[in-house]
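Reading the structure
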Amino acid sequence: MSTGGRTARRRSVDRAAALSRLRAAVVRPGELGTDELLARVAWSTVIEPGDGTAGELVGRLGAGRSIRAVLQALDDGPVALGEMLVDTGGDSAEDDVRDELARAASDALVPALERWRPRLLRLDVDAVLGAASAVGCTLLVPGDEDWPAGIDDLGVHAPLVLWRRGTRPVGGLPGISVVGARANTVLGAEAAAEITSAAADAGCLVVSGGAYGIDAVAHRVALAAGTPTVAVLAGGVDQLYPAGNSIMLRSVADHGALLAECPPGTRPSRWRFLARNRLIAALGSVSVIVEAGARSGALNTAHHAGQLGRPVFAVPGPYSSSASAGCHRLIADRRAEIVVHPADPVDAALRTRSGDPTTDPAVPIAAARVDPEVLRAVDALSRRRPIPLDEVAVRSGLSPADATDALALAELQGLVTRGPGGWTAA
């Protein structure tokens, strides 16, 4: 065997060994072979998060076939790749129609090929596998037992792989995504802590972005409560950003998981922070925006959650607080439910998980219980015999109209019952 042949064979063996190490912590190996795994790793180094064109190619052709076709298209142009896509579409169109579809597909691929070209020409899967092994992370792909099911709802914009740092399984739990302002207020921190504590009590997974402010509060409360927590990073799992949270992020890795769709070595960037928000939304059954300014990135998470059909909650703050302006706008535009009690998001997540759309009985209006006219109307009643409305008015000193309104409020609260002979105290 030639020296070149021995080198290629050794490289193939090294890649297989590296993949085996990376997937050793996966609970149950998926169905993808080595070629498909390597191709997904290659794709993850070429594309930016959420690249729908790449997702469509992989979904239609498979990772291995698509990456080889794309590499060939760099030299020969996109025509063959466009024809390949049309052929896999299952259409039984006439030849002229098929040719037209192939030309349209080829034209649509030109911008993507130019976008991918610089990284494809420098593709080095071995370097990525080495960096991943060095940091001790695990490679997750669709079909693995630990692959988060909610991620698949992103469709062609779903990540092709996930890099996980931490070995504790985090799949199978209802997730609460808690995000908010980096420069939070004391009230915001208290709200985040109470919501996260309620999630921990209910056995939920706490998801956030590992940032300063509300994210950090959510992670730290989850760690203190011993409940699993996941931090979704905008760069590789070896890039513990921000540096001031590195100790906390290591603790998250020890007791939950750090997740990233970008391979190790990828630096976080503004675009990647926005793109990772869709993963935070997808990982949670419910998203909670604790504090958000008018232009906060947390609103981006709410937008993604809404697109996925996930419930969104927002915590109200003082009307004059700029840190709550985004939350108030979400509530005013009916894009988020208001958090009345810290357990509200948790209850919604558990209902969503169980498939039960029903809500809890409405909380009685506290102010009505102490309304003096309601109290006067209730005091005028007997528990043993019904009292007609006109007698209620005489006993309470209210006009018949005011007595009717007061009794109606009392009935809503379950304080009185109405029968054929009049009103009775409950």
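Residues numbered from 1 in each chain as written. Predicted model: local features only at pLDDT ≥ 70, side-chain atom pairs only at ≥ 80, totals over all residues. Heavy atoms only, no water.

Time to look at the packing of aromatic side chains. For the structure on display, the rule yields two aromatic pairs. With 5.7 Å between their ring centres and 50° between their planes, Tyr 241 and Phe 273 make a pair best called tilted. With a gap of 32 residues between them, Tyr 241 in the loop between β5 (229-232) and α10 (246-255) and Phe 273 in helix α11 (residues 270-283) connect regions that are remote in the sequence. Overall, Tyr 241 belongs to the partly exposed group, its relative accessible area being 44%. One Lys or Arg, Arg 182, reaches over the ring of Phe 273 and ends 5.8 Å from the middle of that ring. (Phe/Tyr/Trp six-rings, centres within 6.5 Å; stacked < 30°, edge-to-face > 60°. Helix = DSSP H or I, 4+ residues; strand = E, 2+ residues; numbered from the N terminus. Buried < 20%, exposed > 50% of the residue type's maximum accessible area, 1.4 Å probe, protein only. Lys NZ or Arg CZ within 6 Å of the ring centre and 35° of its normal.)

Turning next to the nonpolar core. Ranked by internal contacts, the top residues of the largest apolar core, which has 47 residues, are Trp 43, Leu 57, Val 70, Leu 81, Trp 116, Trp 163 and Leu 258. Looking at this core, the elements that each hand over two or more residues are α2 (34-46), α3 (52-61), α4 (63-76), α5 (79-88), α6 (95-120), α7 (125-135), α10 and β6 (257-260). With seven residues, the single largest contributor to this core is α2. Residues Ile 280, Ala 282, Ala 305 and Leu 308 belong to the second largest nonpolar core, which totals 31 residues. (Core = buried A, V, L, I, M, F, W, Y, C linked by side-chain atoms within 4.5 Å.)

Quick look at unusual backbone geometry now. Pro 242 follows Tyr 241 through a cis peptide bond whose omega is 0°. Inspection of the secondary structure puts Pro 242 in the loop between β5 and α10. Phi is positive for Arg 334, which is not a glycine, with a value near 60°. Looking at the secondary structure, you find Arg 334 in the loop between α13 (325-332) and β9 (337-338). We classify Arg 334 as exposed; its relative accessible area is 79%.

Before going further, it helps to spend a moment on the environment of Ser 66. By the element assignment, Ser 66 lies in helix α4. Taking C-alpha positions, Ser 66 is 9.6 Å from Leu 85, a pair spaced 19 residues apart along the chain. The contact partners of Ser 66, leaving out residues within four places of it in the chain, are Trp 43, Leu 57, Val 58 and Leu 61. Within polar-contact distance, the side chain of Ser 66 engages the side chain of Trp 43 at 3.0 Å. Here Ala 63 takes part through its backbone oxygen, which lies 3.0 Å from a polar atom of the side chain of Ser 66. (Contact = heavy atoms within 4.5 Å. Polar contact = N/O pair within 3.5 Å; in protein donor to acceptor, adjacent residues only side chain to side chain.)

Of all the five residues making up strand β3 (residues 175-179), five are buried; the element is thus mostly covered by neighbouring parts of the structure. The two faces of β3 match: Gly 175, Ser 177 and Val 179 on one face and Ile 176 and Val 178 on the other face are all buried. Where β3 lies against strand β4 (residues 205-208), three bridges are found, and the strand directions are parallel. Bridging across to β4, Ser 177 finds its partner in Val 207. Once you follow β3 into helix α8 (residues 186-201) and on to β4, the crossover reads as right-handed. (Pairing = 2+ DSSP bridges. Right-handed = clockwise from strand over helix to strand, strands pointing away.)

All right, on to the sheet that holds strand β2 (residues 162-165) then. The nine strands lie next to each other as β1-β2-β6-β5-β4-β3-β7-β8-β9, forming an open sheet whose pairing is mixed. The strands lining the two open edges of the sheet, one partner per strand, are β1 (138-140) and β9. Alignment of β5 against β6, held across three bridges, turns out to be parallel. Residue pairing across strands places Val 232 opposite Leu 259, the latter belonging to β6. In this fold helix α12 (residues 298-307) packs onto β3, β7 (286-289) and β8 (312-314), with an angle of close to 155° to the strand it touches most, β7. (Axes fitted to C-alpha atoms, helices over the stretch in contact; angles between N-to-C directions.)

We now examine the side chain of Asn 245. Along the chain, Asn 245 turns up in the loop between β5 and α10. With residues near it in sequence (within four places) discarded, Asn 245 still touches Gly 210, Ala 211, Tyr 212, Ala 216 and Arg 220.

Looking now at the packing of helix α16 (residues 372-379) against helix α18 (residues 400-412). Look at α16 against α18: their axes get within 8 Å of each other, and the N-to-C directions meet at 90°. By the criterion of interaxial angle, the relationship of α16 to α18 is roughly perpendicular. Seen from α16, the contacting residues are Glu 373, Val 374, Ala 377 and Val 378; seen from α18, they are Asp 402, Ala 406, Leu 407, Leu 409 and Ala 410. Split by residue class, the contact of α16 with α18 holds seven nonpolar, no polar and two charged. (Parallel < 35°, antiparallel > 145°, perpendicular 65-115°, else oblique. Nonpolar A, V, L, I, M, F, W, Y, C, P; charged D, E, K, R; others polar.)

In the predicted model, the protein chain carries a mean pLDDT of 86, and the fraction of residues at 70 or more is 86%. Across the protein chain, β7 holds the top mean pLDDT of 97, while helix α15 (residues 366-369) sits lowest at 44. Across residues 358-369, confidence stays below pLDDT 50; counting only partners more than four residues off in sequence or on other chains, it has 11 contacts. (pLDDT = per-residue confidence, 0-100.)

Here the focus is the pattern of salt bridges. A full pass over the atoms with the stated rule returns 15 salt bridges. With a shortest N-O distance of 3.3 Å, Asp 35 and Arg 68 are connected by a salt bridge. One end of the pair, Asp 35, is in helix α2; the other, Arg 68, is in helix α4, and 33 residues separate them in sequence. Classification of Asp 35 by relative accessible area gives partly exposed; the value is 42%. For Arg 68, a relative accessible area of 46% gives the class partly exposed. In this structure, Asp 333 engages Arg 329 in a salt bridge whose closest nitrogen and oxygen atoms are separated by 3.3 Å. (Salt bridge = Lys/Arg side-chain N within 4 Å of Asp/Glu carboxyl O.)

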